[in-house]
Amino acid sequence: MVSTEEKTEAGVEEPKSPETAGDEPDEAGESGSTRRLRRTAVVLLVVALVVAGAGFFVRAQQVRDTPATDNLALSDTEATTRVVGDVSNALGKVFSYGPQDTAGTKESAKQLLGGKALRQYAALFGQVEKQSRDQKLTLTTHVVHAGVSRLSGTGAHLLVFLDQVYERRGKPATTAAAQLSVTAELRDGHWRIVDIASR
Amino acid sequence: MARVRTTKNPLVVAAIVLTALAAGSAARGGWSWYEAGHDDSAGYGQTRDDALAAGEQAVQNLNTLDHQKLDQGLDSWEDSTTGDLHQQLVDGRSGFEKQIQEAKTVSTAKVLSGAVTELDDRTGKASVMVALRITVTAPRGKPAVKESRMLGRLTRTSEGWKLSALGQAPVGNTAG
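Quick notes on the rules
- Residues numbered from 1 in each chain as written.
- Chains lettered and ligands numbered in written order.
- Predicted model: local features only at pLDDT ≥ 70, side-chain atom pairs only at ≥ 80, totals over all residues.
- Helix = DSSP H or I, 4+ residues; strand = E, 2+ residues; numbered from the N terminus.
- Buried ≥ 20, exposed ≤ 12 C-beta atoms within 10 Å, placed from the backbone.
- Pairing = 2+ DSSP bridges.
- Axes fitted to C-alpha atoms, helices over the stretch in contact; angles between N-to-C directions.
- Parallel < 35°, antiparallel > 145°, perpendicular 65-115°, else oblique.
- Contact = placed C-beta atoms within 7 Å.
- Nonpolar A, V, L, I, M, F, W, Y, C, P; charged D, E, K, R; others polar.
- pLDDT = per-residue confidence, 0-100.
- Left-handed = near helix turned anticlockwise from the far one by under 90°.
- Expected span 1.5 Å × (residues − 1).
- Bend = angle between axes of the 7 residues up to and from the residue.
- Core = buried A, V, L, I, M, F, W, Y, C linked by C-beta atoms within 7 Å.

## Description of the overall build of chain A
Working step 1: Helix and strand counts for chain A come out as seven helices and four strands.
Working step 2: In chain A, the succession of α and β elements from N to C terminus is α-α-α-α-α-α-α-β-β-β-β.
Working step 3: Looking at the 199 residues of chain A, the share that counts as buried comes to 26%.

Spelled out as structure tokens, the structure:
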């Protein structure tokens, strides 16, 4: 009766208890110092294990949380392709216009740009419209190469090489190279350009 | 046997449970560490950053040349490259030397921005794009500054990433 009671009471400790208990009777009666020693040993063991466990966790975090692992550029291929696609598409749209369709370009800029990039763009666009109208200028921009230097869940930095084709009525088209550093933010599932710097 | 059960005091039970928990957390911590160390994405990110740093430095080296330190400059060209590009530079070295000694130019380059566009961790191949500003100073006249955009191929060697191909990103290919 006694033994079944014990079993149901503490099923978890069962396998260990016979061992521990087995030594107990001999020494228990003999010396309290042995018991104290063992208690100290157990405490030390627990402390050692806790310290080791914590240490391992900290090391694991250190290994994971380097700047290299925070940056998802290329390592997350899908997100990298997405941001390159969205940004290339946006640059192509906002830097392409003809004398007839500057309004459309302005509209798409509002969708595709944000923050500082939109303010700069808005400030410049009056000039662009006038120039395009007066000189019958058509600008077509193509992204020729784009690379992501930093990528997180919500932000990205890209380096973009562009070709810009200028066509004035009655003159041969000229192509200019441009290099831009672009900062983009993910908003509502789309990458929006928030800063552009010429390189 | 009766005495055996009496020694099972709450303290011993608590100690055993505590030890088991501590051992469990230590094991989990250890596993977490092991996993972190063998996480492919962590290694990949580091490789990408290494490749970019090496690529930017190599592109800068190959656009830097001082006619007064020709040997040093051309050695650095050779050290930064491997494969075909390396061979071209070795083969063309005496020609460059003569050219630069006559022109007495000093070229310096500053990398403005760079990005890795492709990386194959396994085969040790990568592509980089680099925007840089090159300043060429001739004995007479003002220094000529030009913005340049370059595409490079990198190959991993026993001494790290090196350029195996380098060229200007062409302008006008996509027009029309």
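## Points about the pairing of strand β5 (residues 160-168) of chain B
All names here are of chain B.
Working step 1: Sheet analysis places strand β4 (residues 144-157) next to β5, joined by eight bridges and oriented antiparallel. Within β5, the residue paired with Thr155 across the bridge is Lys162.
Working step 2: Turn length for the β4-β5 hairpin, with the two strands adjacent in sequence and antiparallel, is two residues.

## Comments concerning the packing of helix α6 (residues 102-112) of chain A against helix α7 (residues 115-135) of chain A
Angle between the axes and distance between the axes are the two parameters that describe a pair of packed helices.
Residues and elements named next belong to chain A.
Working step 1: Contact pair α6 / α7: the axes reach a minimum separation of 11 Å and the direction vectors enclose 175 degrees. On the basis of their axis angle, the class for α6 and α7 is roughly antiparallel. Of the residues in α7, those touching α6 at Thr102, Lys106 and Ala109 are Leu118, Tyr121, Phe125, Val128, Glu129 and Ser132.
Working step 2: A class-by-class count of the residues in the contact of α6 with α7 yields five nonpolar, two polar and two charged.

## Describing the confidence of the model for chain B
Working step 1: The predicted model of chain B averages 89 in pLDDT, with 91% of residues at 70 or higher.
Working step 2: Quick note on the complex model: pTM equals 0.74, ipTM equals 0.77.

## Looking at the packing of helix α5 (residues 77-94) of chain A against α6 of chain A
Residue and element names in this part refer to chain A.
Working step 1: Put simply, α5 and α6 touch, their axes get as near as 9 Å, and they point 150 degrees apart. Considered as vectors, α5 and α6 are oriented roughly antiparallel to each other. As for how α5 packs across α6, the hand of that crossing is left-handed. Counted together, Ala90, Lys93 and Val94 of α5 and Thr105, Ser108, Ala109 and Leu112 of α6 form the full contact between these two elements.
Working step 2: Of the residues in the contact of α5 with α6, the class split is four nonpolar, two polar and one charged.

## Section: α7 of chain A
Residue and element names in this part refer to chain A.
Working step 1: An ideal rise of 1.5 Å per residue puts 30 Å on 21 residues; α7 measures up with 30 Å between its terminal C-alpha atoms.
Working step 2: At Leu124, α7 shows its strongest bend, of approximately 40 degrees.
Working step 3: Listed in full, the buried residues belonging to α7 are Ala117, Tyr121 and Ser132.
Working step 4: Buried positions along α7 lie against α5, α6, β1 (137-151) and β4 (190-198).
Working step 5: Of the residues trailing α7, Lys136 is marked for its positive phi of about 50 degrees.

## So, the sheet that holds β5 of chain B
Residues and elements named next belong to chain B.
Working step 1: With respect to topology, five strands assemble into an open sheet ordered β1-β2-β3-β4-β5, the strand pairing being antiparallel. Looking at the sheet topology across the chains shown, the edges are occupied by β1 (65-66) and β5.
Working step 2: Bridge analysis of strand β2 (residues 106-120) against strand β3 (residues 125-137) gives 13 bridges, and the strand direction is antiparallel. Within the sheet, the bridge partner assigned to Lys110 lies in β3 and is Arg133.
Working step 3: Across the sheet, helix α5 (residues 83-103) touches β1, β4 and β5, and the angle it forms with β5 is around 65 degrees.

## Observations concerning the environment of Arg82 of chain A
Working step 1: Relative to the helices and strands, Arg82 of chain A is located in helix α5.
Working step 2: Here the alpha-carbon distance between Arg82 of chain A and Pro172 of chain A, two residues 90 residues apart in the chain, equals 35 Å.

## Comments concerning the nonpolar core
Working step 1: Core analysis: the largest hydrophobic core is formed by 56 residues, its most contacted members being Val83, Val87, Val148, Leu158 and Val160 of chain A together with Ala51 and Val128 of chain B.
Working step 2: Dropping the residues within four chain positions of it, Leu158 of chain A is found in contact with Val83, Val87, Ala146, Gly147, Val148, Ser149, Val182 and Ala184 of chain A together with Ala115 of chain B.
Working step 3: One finds Phe56 and Ala60 of chain A together with Ala26 and Trp33 of chain B within the second-largest nonpolar core, a separate group that totals five residues.

## What about the sheet that holds strand β2 (residues 155-168) of chain A?
Residues and elements named next belong to chain A.
Working step 1: Reading across the sheet, the four strands line up as β1-β2-β3-β4 and stay open at both edges, with antiparallel pairing between neighbours. Every interior strand has two partners, whereas the edge strands, β1 and β4, have only one. Averaged over all pairs of adjacent strands, the angle between their axes in this sheet comes to 35 degrees, without regard to strand direction.
Working step 2: In the sheet, β2 pairs with strand β3 (residues 174-187) via twelve bridges, with the strands oriented antiparallel. Counterpart to Gly155 in the pairing with β3 is Glu185.

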